[in-house]
Amino acid sequence: MAKAKGKGGKNRRRGKNDNYNQKRELIFKDEQQEYAQITKMLGNGRVEASCFDGIKRMAHIRGKLRKKVWMAQGDIILCSLRDFQDDQCDVVHKYNSDEARALKSAGELPESAKINETDTFGHDDEDEVNFEFGADDSSDDNEELDIDDI
């Protein structure tokens with residue numbers, strides 16, 4: 001029988017997320033960078049981000065953040081703009097909710113920015129679907145419907 005060489009599997013290499021509640025230094029944007037909010041997760045390391053300069057861009061999650069920093073719809077991120085492609089950018093940093101509130105109070109984010117709301121980008125003009133049973137039947141009395149009537 002072969003001797004085991006390793007010290008565990010993938011979960012051992014992944015380690016524990018011990019630095020979750022530690023205070024980080026707040027990172028402000030430089031030139032060629034912009035704050036954005038994730039509107040849609042596209043997959044393959046890409047997200048659709050609504051930048052606070054008014055442009056909706058496709059953002060690419062760079063390799064340092066992939067599979068290490070989990071992102072979701074509604075998160076505030078820092079994007080590095082591309083000078084050769086205005087409709088695409090790269091995700092440089094993800095802010096947690098406390099950092100995003102600090103950015104908003106510092107005046108870096110606009111007052112219209114919604115923090116900790118995942119349903120901020122749902123379609124408001126969607127027609128609600130109403131399933132009315134027997135909509136073509138205009139009788140008001142409560143009759144038991146037979147299976148043959150359907």
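Residues numbered from 1 in each chain as written. Predicted model: local features only at pLDDT ≥ 70, side-chain atom pairs only at ≥ 80, totals over all residues. Heavy atoms only, no water.

## Looking at the overall build of the protein chain
Here is the rule we go by: Only DSSP runs of H or I reaching four residues or more are called helices, and only runs of E reaching two or more are called strands; each is numbered from the N terminus. In this scheme, a residue with accessible area under 20% of its type's maximum is buried, one over 50% is exposed, and one in between is partly exposed, where area comes from a 1.4 Å probe on protein chains only. When checking whether two residues touch, look at their non-hydrogen atoms; a contact exists if any pair is within 4.5 Å. To measure how exposed things are, a 1.4 Å probe is used in the Shrake-Rupley method; for residues, cover is taken only from the protein chains shown.
The helix and strand tally for the protein chain stands at two helices and five strands. Mapped in sequence order, the helices and strands of the protein chain form the string α-β-β-β-β-β-α. In the protein chain, which comprises 150 residues, the share counted as buried stands at 23%. Long-range pairs, those at least 24 residues apart, make up 51% of the contacts in the protein chain with a sequence separation of at least 6. A total of about 12,300 Å² of accessible surface is found on the protein chain, and carbon and sulfur atoms cover 44% of it.

## Thoughts on a positive patch on the surface
To keep things clear, this is the line we draw: Only residues whose relative accessible area exceeds 30% and that take part in no salt bridge are eligible for patches, with like-charged residues grouped when within 9 Å of each other and nonpolar side chains (Val, Leu, Ile, Met, Phe, Trp, Tyr) grouped when within 5 Å. Each reported salt bridge corresponds to a side-chain nitrogen of Lys or Arg within 4 Å of a carboxyl oxygen of Asp or Glu. When charges are counted, Lys and Arg are positive and Asp and Glu negative, with His and the chain ends excluded. One atom stands in for each charge, and that atom is NZ of Lys, CZ of Arg, CG of Asp or CD of Glu.
Side chains of Lys 10, Arg 66, Lys 67 and Lys 68 sit close together on the surface and give a patch of like positive charge. We classify Lys 67 as exposed; its relative accessible area is 72%.

## Regarding the nonpolar core
For clarity, the threshold we go by: Among buried residues, those of type Ala, Val, Leu, Ile, Met, Phe, Trp, Tyr and Cys that are joined through side-chain atoms within 4.5 Å constitute a nonpolar core.
Residues Ala 59, Met 71, Ile 77 and Val 91 are the most contacted members of the largest nonpolar core, which totals 13 residues. Going through the elements one at a time, strand S1 (33-43), strand S2 (46-51), strand S3 (56-61), strand S4 (76-81) and strand S5 (88-95) are the ones with two or more residues in this core. It is S2 that contributes the most residues to this core, three residues altogether. Judged by nonpolar contacts, the second largest core, of nine residues, contains Leu 78, Ala 100, Leu 103 and Ala 113.

## Description of the side chain of His 93
With respect to the secondary-structure elements, His 93 resides in strand S5. For His 93, a relative accessible area of 13% gives the class buried. What His 93 contacts, discounting residues up to four positions off in sequence, is Arg 24, Ile 27, Leu 65, Ile 77, Leu 78 and Glu 99.

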